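# A structural walkthrough
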Amino acid sequence: MTVVINMRDGLDERKIRIAARFILEGKLVAFPTETVYGLGADALNASAVKGIFEAKGRPADNPLIIHIADFNDLKRLAREIPEEARLLAEKFWPGPLTLVLPRSEEVPDVTTGGLDTVAVRMPAHPIALSLIRASTPVAAPSANISGRPSPTLAEHVIDDFYGRIEAIIDGGETKVGVESTVIDLTSERPTLLRPGGLPLEEIENVIGEVEVHPAVKGKLVDIARAPGMKYRHYSPNAQVVVVEGPRERVRAKIRELVKEYRSEGLRVGVMATEETEADEFFHLGKTTEEVARNLFKALRELDRRGVDVIIGEGIEEKGLGLAVMNRLRKAAGYRIVRA
């Protein structure tokens, strides 16, 4: 049986101690961060971390991110901390930024997917920070079955994991809605491995130009140095199609596709920034921040409504738009229609 711990009304230290005890006992606890919900285990307990992979059905070579609550913990996890890491941590931690650094011997192989690097971040959520402080550095991928859309509500976690993990902390809806940005600081130049909740432009304002890994645009890799680089991600049961191009032409193309799919007897869902006729419609919001916050919720909700096809509106790849389009294209398996 899974314990659902309600903290929607705010932080409760007594409940945090209960959840922390589960972590210290080697059990799995799902908890909210500012990005998405994470599925957490003691990052330094190889047996506990193995449980994350088993629960998610996650490939063993897909590395996990370790969440910390104190910069000093980074010194335990990384054998080198370059100046760029210090600058970025000082500016953006706590926040949706993950740094990939040379791994210390204290970190088990299973946590890093067997790599010589470790991915670390400090989440900007009071529940997450309190849980880590009361326990230990916590390895935590998104709290969803591998390949499914990431969870932004406790209800999403319950759908995937109720009865399979020890506890779920319900802290309400997450604020950012897409996972953290991942920057590799072990390569010759700082490299963006995954766009996320911290826009690339803000990172470059601190450390200068950052190289963008080809995986960000969909190139397959043999070795995943960060989550989301190698395997199928974010996919609902319905087929997803992304429409990209100039805004007015995108809207016209979406309407055209709705008619086309309906003529084939398919039930069609649309997720877009403007009302569109369809069997089911989900309004993503007006701003890029709203679209990011609603993206995974829309994929899950349209799936729940039983559509066969989900048509997603492409947006401009500026700021959080780069992360949104990275997730949307992956959810679609790169089925892209140009308007």
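Residues numbered from 1 in each chain as written. Predicted model: local features only at pLDDT ≥ 70, side-chain atom pairs only at ≥ 80, totals over all residues. Heavy atoms only, no water.

## Observations concerning the nonpolar core
Our working rule: We define a nonpolar core as any set of buried Ala, Val, Leu, Ile, Met, Phe, Trp, Tyr and Cys residues linked to one another through side-chain atoms lying within 4.5 Å. Buried means the residue's accessible area, taken with a 1.4 Å probe over protein chains only, is under 20% of the maximum for its type, while exposed means over 50%, and partly exposed covers the values in between. Throughout, a residue-residue contact means that at least one pair of heavy atoms, one from each residue, lies within 4.5 Å.
Of all hydrophobic cores here, the largest spans 66 residues; its most connected members are L39, W93, L97, L99, I169 and I203. Contacts of L97, omitting those with residues within four sequence positions, involve L88, F92, V120, R121, S180, T181, I183, L198 and I203. Membership of the second largest hydrophobic core comes to 27 residues, among which are V176, V242, L299 and L302.

## Observations concerning the environment of I168
Heads up, the rule is: In this description a helix means any DSSP run of H or I spanning at least four residues, a strand means any run of E spanning at least two, and both kinds are numbered starting from the N terminus.
Within the secondary structure, I168 sits in strand β8 (residues 167-170). You can call I168 buried: its relative accessible area is 0%. Taking the C-alpha atoms as reference points, I168 and P123, 45 residues apart in sequence, are found 17 Å from one another.

## Looking at unusual backbone geometry
Of note, the amide linkage connecting W93 to P94 takes the cis form, showing an omega dihedral of -10°. Looking at the secondary structure, you find P94 in the loop between α4 (83-92) and β5 (97-102). One non-glycine residue, Y334, lies in the positive phi region at around 60°. Mapped onto the elements, Y334 comes out in the loop between α11 (321-331) and β16 (336-338).

## Things to note about the sheet that holds strand β1 (residues 3-6)
Consider a sheet: its strands pair through backbone hydrogen bonds, and that pairing is either parallel or antiparallel. Basically, it comes down to this: Two strands pair under a simple rule: DSSP has to find at least two bridges between them.
Strand order in the open sheet formed by 11 strands is β1-β8-β2-β3-β7-β4-β6-β5-β9-β10-β11, with mixed pairing between adjacent strands. Edge positions in the sheet fall to β1 and β11 (211-212), since each has one partner strand and no second. Direction of pairing for strand β2 (residues 29-32) relative to β8: parallel, over a ladder of two bridges. Pairing of A30 across the sheet is with I168, part of β8.

## Observations concerning the packing of helix α1 (residues 13-24) against helix α6 (residues 126-133)
Which entries qualify depends on this criterion: Interaxial angle, 0 to 180 degrees, is taken between N-to-C directions of lines fitted to C-alpha atoms, where a helix line uses only the stretch in contact. Angle categories are assigned with fixed cut-offs, so that under 35 degrees is roughly parallel, over 145 is roughly antiparallel, 65 to 115 is roughly perpendicular, and the rest are oblique. Crossings are classed by handedness, with left-handed meaning an anticlockwise turn of the near helix from the far one by less than a right angle and right-handed meaning a clockwise turn. Lys, Arg, Asp and Glu make up the charged group, whereas Ala, Val, Leu, Ile, Met, Phe, Trp, Tyr, Cys and Pro make up the nonpolar group; the residues left over, Gly among them, are polar.
Here α1 crosses α6 at 55°, and the two axes come no closer than 8 Å. Comparing their axes, α6 and α1 come out oblique. As for how α1 packs across α6, the hand of that crossing is right-handed. Contacts from E13, I16, A19, A20 and I23 in α1 reach I127, S130 and L131 in α6. Per-class residue counts for the contact of α1 with α6 are six nonpolar, one polar and one charged.

## Side note on the pattern of salt bridges
Test applied: A carboxyl oxygen of Asp or Glu within 4 Å of a side-chain nitrogen of Lys or Arg is what we treat as a salt bridge.
Throughout the structure, instances matching the rule amount to 27 salt bridges. We note a salt bridge from E248 to R251, for which the minimum N-O separation is 3.1 Å. Within this pair, E248 and its partner R251 are both found in helix α9 (residues 247-263), separated by three residues, close to a single helical turn. E248 sits in the exposed class, given a relative accessible area of 56%. For R251, a relative accessible area of 12% puts it in the buried group. Among the charged side chains, a network of salt bridges with common partners joins K217, E244, E317, R329 and R338.

## Quick look at the sheet that holds β16
Reading across the sheet, the five strands line up as β14-β13-β15-β12-β16 and stay open at both edges, with parallel pairing between neighbours. The outermost strands of the open sheet, each flanked by one partner alone, are β14 (280-283) and β16. With strand direction ignored, the average angle separating the axes of adjacent strands in the sheet is 20°. Of the strand pairs in this sheet, strand β12 (residues 239-244) and strand β15 (residues 309-313) are connected by five bridges, and their pairing is parallel. Across the sheet, the residue bridging to Q239 is V309, located in β15. Contacting β12, β13 (268-272), β15 and β16, α9 crosses the sheet at an angle of about 175° to β15. In this fold helix α10 (residues 288-304) packs onto β12, β13, β14 and β15, with an angle of close to 165° to the strand it touches most, β14.

## So, the environment of E317
Cut-off, in case you're wondering: Polar contact is defined as a pair of N or O atoms within 3.5 Å, subject to the rule that within protein one atom must be able to donate a hydrogen and the other to accept it, and that residues adjacent in sequence are counted only when both atoms are side-chain atoms.
With respect to the helices and strands, E317 occurs in the loop between β15 and α11. With relative accessibility at 31%, the residue E317 sits in the partly exposed group. C-alpha of E317 to C-alpha of E244: the two residues are 73 residues apart in sequence and 11 Å apart in space. Not counting residues within four places of it along the chain, the set of residues in contact with E317 comprises K217, L322, M325 and R329. A polar contact of 2.9 Å, which involves the side chain of E317, links it to the side chain of R329.

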